[in-house]
Amino acid sequence: MLRFLLRRLGLAMVSLWLLSVLVFIGTNLLPGDVGRRILGPFATQESVDLLNARLGTDRPLLTQYLDYLGGVLTGDLGDSVSFARPVTEMLGTALGNSTKLALLAFVMVVPLSILGGVIAALKRDTVIDRSITVFGLSATVIPEFVSGIVVIVIFAISLRWLPGGAQAPAGSGVFEQIRYLILPAIPLVLVLFGYIARITRAGMIDALDADYTRTATLKGLPRRTVIRRHVMRNALLPTIAVVATQVGSLFGGLVAVEILFNYQGVGRLIFDAAQKADFPLLAGGVLVIGVIYQAATVLADMLYGVLNPRVRLGADA
Amino acid sequence: MTTAGVSRSQRLSQLRGSATFWVGASITLTWIVFAIFGDFVTPYDPAGTPTDILDRLAPPSSEHLMGTDSLGRDVLSRLLAGARQVLIVAPAATSIGTVAGTAMGLVTGYFGGWIDEITSRILDAFLSIPLIITAMLVLAALGPTTVGVILVIGLVFTPIIARTVRASTLSEARLDYVTAARLRGEGPIHIMFIEILPNVMGPIVVEFTVRLGYAIFTTLALSFLGFGGDPSIPDWGQSISNHYVFLSGDVWWPTLFPALAIASLVVGVNLVADAIAQIFET
Amino acid sequence: MGDTSKRIDEIRQAATPVETELIDEYMAHRISRRDFIRRGSIAGMSLPVLGFIAACGGDSDETTTTTAGSTDTTAAAGDTTTTAATSEGPVTVRIGLGSPAGVIDPVLINDEARIQFISLIADTLTFSSATGLRPALAESWEPNEDGTQWLFTLREGLLYSDGTPITADDVVATFEGIAEGNAASALGTGALSPGGTVAIDERTVQFNLDASVGAFPFIVSSDNYNAVILPRSFWDSYGEGSYEANFVGSGPFMVESFAPGQGAVLVRNENYWGPAVVPDRVEVTFFADGPAVISAFQEGRIDVIPSFSAAEGQTLLNDPDAQISVIETSEHRQIHMNTQEGLFADKRVRQALAFAVNRQAMVDGLLASNGALGNDHPISPLHPGYHPDAVAQKEEDLATANALIDEAGVRGAEVTLNAPAFEEIELLAQLVQGAGAQIGLTINLQIDDQGTYYGNYWLDSTLGITNYGHRGVANVFLGAPLRSDGTWNSAKFNNPDFDALVDAFVAETDEDAQRELGGQIQALLWDEVPIIIPFFISNNSATRQGTTGLETTGMGHVVITELVLGG
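Notes on the structure in this doc start here. Small disclaimer: the values here were computed from a predicted structure and weren't measured.

Residue and element names in this part refer to chain C. Under the counting rule described, the total for this entry stands at 35 salt bridges over all chains. Arg281 is the salt-bridge partner of Glu283, the closest N and O atoms lying 3.6 Å from each other. Its salt-bridge partner being Arg359, residue Asp376 comes within 3.0 Å of it at the nearest N-O pair. On the criterion of sequence distance, the pair formed by Asp376 in the loop between strand S13 (371-373) and helix H14 (398-408) and Arg359 in helix H13 (residues 359-366) is long-range, its members being 17 residues apart. Judged by relative accessible area, which is 2%, Arg359 ranks as buried. Several salt bridges converge on common partners, so that one network encompasses Glu331, Arg333, Glu423 and Glu424.

Structure below.
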């Protein structure tokens, strides 16, 4: 188990290092004059040149990269070019906000989608099953900004039940903040729902068809007990892995949602950084998302390993 | 080859019996028809005229069935014409990704070893950033053009498709016909593209249809985020991004209709993709 | 009546020649009351004196307010209300601004959101309001005979928000900082060189200019948003973004907490020099785009939008709950055409495109009529030196335009239009594209974010659109974007006659003579068309019905010291 874990972590580190190279190359492709972007159209050329020299954007790329990597390893992501603040500080705040939104979405979607998947499996090939499957598929493939607009129109504008922006006023309590986050969470919930429900359904069907289920049923155990003790336990394993791998795509969805709902999360920060050619901020944001994704998948693999001995044995093969 | 032929006709008949396939296919086909012939059926010129602006944001009426947009252009006309943009961009991007990904998957799966190990790591690094963020990163560099959108989506799809093709290639490479070909003295190129490729077409077709759905999703999301390129070209994502502000003032028509169009197209394409995937899986 | 004329005589005797002439003109009904107050305040006549004379004579031109629209909130700015003070709990005002383009730093600001934010916490020597110039940190000012030397006197007992005194030395430090090119300043070129600012005593500053500038009090006003007065200690240890460390200022509010890119909480500055400040707290929220601000207002999450674009805020303009205030400004868009190479090197092609745009439709449709027609020169009707009858208003004239295109032999030519994504510019670009289509020009659009546009295309494009914010005087508009040596000359306009006219225009202190020069400039640009200016944009602000005391300026400044919320 330890060997498996170490190998998995090692691979994750390699991936992250490669990501840092890719991001560095990507962000340095950004065209244009960084100094001009920051100082704006009405600055003199001298002040622009001065700023470019100070930012070091005129040095060789390799020097800049090594500099950057050294900083990353010591927890220093540099300063945001457009906000003149440490990137870590800005990311910290934004991540906190995004985490709130993502958590709420997860808390809403996990029970709902697992329930949906379980019901679909138990009512396999009925109208109920097909409705859940088709609804789930449709919900998953409709972009967040499309469903986001629909929920804003219905709940914020027509019914006026909930606020149409995500940012609660400063100093709001937990429940007030949740109230502001419900609408933005819905598009994320919809996108995740179909995917998780589908995996749950497939896992349930496998488990229902498995020998141990048949044996347990033949032993005369009540159906309810069979499902709870044998089917669910085995069926939820792949679901856990899926939930963890969806963390990455969740952060992708956050970009559109945070813009639509004017929420200061990490997706919006990355979007702003891309627009302002704020290289340190952009690179930091993308790296952090990479770290979160890797951490989530390592965690998923571990959980899967703990819950399923077969994986542990096969891990070193 | 004969066995493959039999299974193909079986699959087709299965497809014909799938209700969701027919629903999805007819929605998709409708939009394809509009994408091709849209110009002939739009009630007004989608590009509008300079004085249209005097009648901006007019609600739906008998004159403008879906109202007018912020430049006074006919929403229905732009909606019909807008199918073309996404139905050029998304399939083009998916094709690029599929061709490149297939080649990459065949090479890594067939050779294995360190080539495989290195590319797997790079792919893993690539895949740990959400598609839309990668696309934003690259488009910020290339500038928001239609060609840029096609290239970036194709680029991002390449490793994803490569991963699927690689897995199938790995298992095919162990089979007897590959060994036989090698003993015959065939080169790796011949083995990969002539021997193995036809036998991994199933997963590739499934990947293509599934990715097509994602490509539509991503294309529209990017144009919503302002990376769509020329704003005068009718585009559903851009229509929404330019008009969602007006929702709060009950001006819902320039936003809701494109949103419904997007929803119908992505659902349609994905129903087809899902039906195809199920047939290949069973 | 006898008393009055005696008092006016006294004033005339004490007045400078410029002032005397002004008083005479006004008393002889040759200039309007509005012009009198505006010109008098530039010349440094104190407001009580101006008010006294204005009340005595001249014509009864009472339409001094430029506010239009359903209600007039700026006119209510003078009403002091006691209700707010007695109401329960502290009064909080929630303001929605756009997204700051970067760090809050008086040296670097150049965008509306940051100008608006700074205007709440830091003041300039003078304040350029929609109705004219008024004293701010400086209580009075005076030019020498030819307008090359200006003496400014600070108010007595001025303090910064941290309790330290505001001195003439700080003013010197501020203007030295700007003159040395620290600032992306709206100061423009040529007026003030390093070493030109001198402290005479604790409260008196002398500006020695390189050339005569009649409108200098505007140059040190809020129009020049970088010129907020800050302590010498700030300038000595200046670093990019160092202002955010403590946000020291002299404005009505001070920063309690600040979240970059998100917003801030401001509290009343107890050391403020001005009248009693009504709101106790101000919550400022930065929104990603205009649409988001408007939704937030309509959902009741904010109380005040100091500025929004009519193209984005059509729904707000029709909202019965919203009280909209409109002030005319000189903000405009310049559609520049490269006069040196490419398609537009031929003057006829430039003229053709200018005749192909439908300005009236743009103003009525795009700006919801909250704007004025432009005539391809940047001297707005609000500016001193504007000549109303110099040239005819250009209108859509497709016959002439098409004839010019055929004469030039460029029918079917293709060109790319570069433009930034900002307010209505994307829509304007599409209208220009449509205009081109009508005269056989294929115009392809390339819209980029503002950073990319200004970094890559602004000064290097055949055809482009640039946004210019409001200025109280036309000097900056005529210099940098159009003079042959101008740093923002994206049209590459190179015309010695024009350069000479602008030099004379800027130096001229006599308003009639300046108007003559203005007319010549207008005629020259009208014919040469290096830039198309289709319209001037009014500033729209929104509050809920019943709100009083909001004052905004064309530049974007927000004055809410006497704001009482309604609704």
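With that out of the way, let us pick up the sheet that holds strand S4 (residues 138-143) of chain C. Residue and element names in this part refer to chain C. Pairing in this open sheet of four strands is antiparallel, and the strands run S4-S5-S7-S6 from one edge to the other. Bordering the open sheet on either side are S4 and strand S6 (197-201), each of which pairs with just one other strand. Each strand axis lies, on average, 20° off the axis of its neighbour in the sheet, ignoring direction. Here four bridges tie S6 to strand S7 (residues 204-208), and the two strands are oriented antiparallel to one another. Note that in S7 the partner of Thr197 across the bridge is Phe207. Seen against the sheet, helix H7 (residues 168-179) touches strand S5 (149-154), S6 and S7 and runs at an angle of roughly 180° to S6.

Next up on the list: helix H2 (residues 19-41) of chain B. Residue Ala35 of chain B marks the point of greatest curvature in H2 of chain B, where the axis turns by about 55°. Residues Phe21, Gly24, Thr28, Trp31, Ala35 and Gly38 of chain B constitute the buried set of H2 of chain B.

Residue and element names in this part refer to chain C. The element strand S12 (residues 322-337) is largely enclosed, with a buried count of 15 among its 16 residues. As paired strands, S12 and strand S18 (residues 535-544) are joined by eight bridges and run antiparallel to one another. For Gln323, the partnering residue across the bridge sits in S18 and is Thr543. Here two bridges tie S12 to strand S17 (residues 531-532), and the two strands are oriented antiparallel to one another. For His336, the partnering residue across the bridge sits in S17 and is Ile531.

Let's shift gears to the interface of chain B and chain A. Taken together, the 37 residues of chain B in the interface contact 41 residues of chain A. Interface area for chain B against chain A, summed over the two sides, is near 3600 Å², with a carbon-plus-sulfur share of 80%. Counting the contacts that link chain B with chain A gives one salt bridge. Salt-bridge contacts for Arg198 of chain A lead to Asp274 of chain B; the nearest nitrogen and oxygen are separated by 2.2 Å. Taken together, chain B and chain A are joined by one residue pair in polar contact (both at pLDDT 80 or more). Elements supplying a minimum of two residues to the side of chain B that touches chain A: helix H4 (113-127), helix H5 (131-142), helix H9 (201-224) and helix H11 (253-281) of chain B. The leading source of residues in the side of chain B that touches chain A is H11 of chain B, at nine residues.

Residues and elements named next belong to chain B. On the surface, Leu29, Ile32, Val33, Ile36, Phe37, Phe40 and Val41 cluster together to form a nonpolar patch covering roughly 700 Å² of accessible area. Assignment of secondary structure puts Phe40 in helix H2. By relative accessible area, Phe40 is classed as exposed at 69%.

Rules used in this analysis
Residues numbered from 1 in each chain as written. Chains lettered and ligands numbered in written order. Predicted model: local features only at pLDDT ≥ 70, side-chain atom pairs only at ≥ 80, totals over all residues. Heavy atoms only, no water. Salt bridge = Lys/Arg side-chain N within 4 Å of Asp/Glu carboxyl O. Helix = DSSP H or I, 4+ residues; strand = E, 2+ residues; numbered from the N terminus. Buried < 20%, exposed > 50% of the residue type's maximum accessible area, 1.4 Å probe, protein only. Pairing = 2+ DSSP bridges. Axes fitted to C-alpha atoms, helices over the stretch in contact; angles between N-to-C directions. Contact = heavy atoms within 4.5 Å. Bend = angle between axes of the 7 residues up to and from the residue. Buried area = accessible area lost by both parts, 1.4 Å probe. Polar contact = N/O pair within 3.5 Å; in protein donor to acceptor, adjacent residues only side chain to side chain. Patch = residues over 30% accessible without salt bridge, like charges linked within 9 Å, V, L, I, M, F, W, Y side chains within 5 Å. Areas by Shrake-Rupley, 256 points an atom, 1.4 Å probe, with all protein chains shown as cover.

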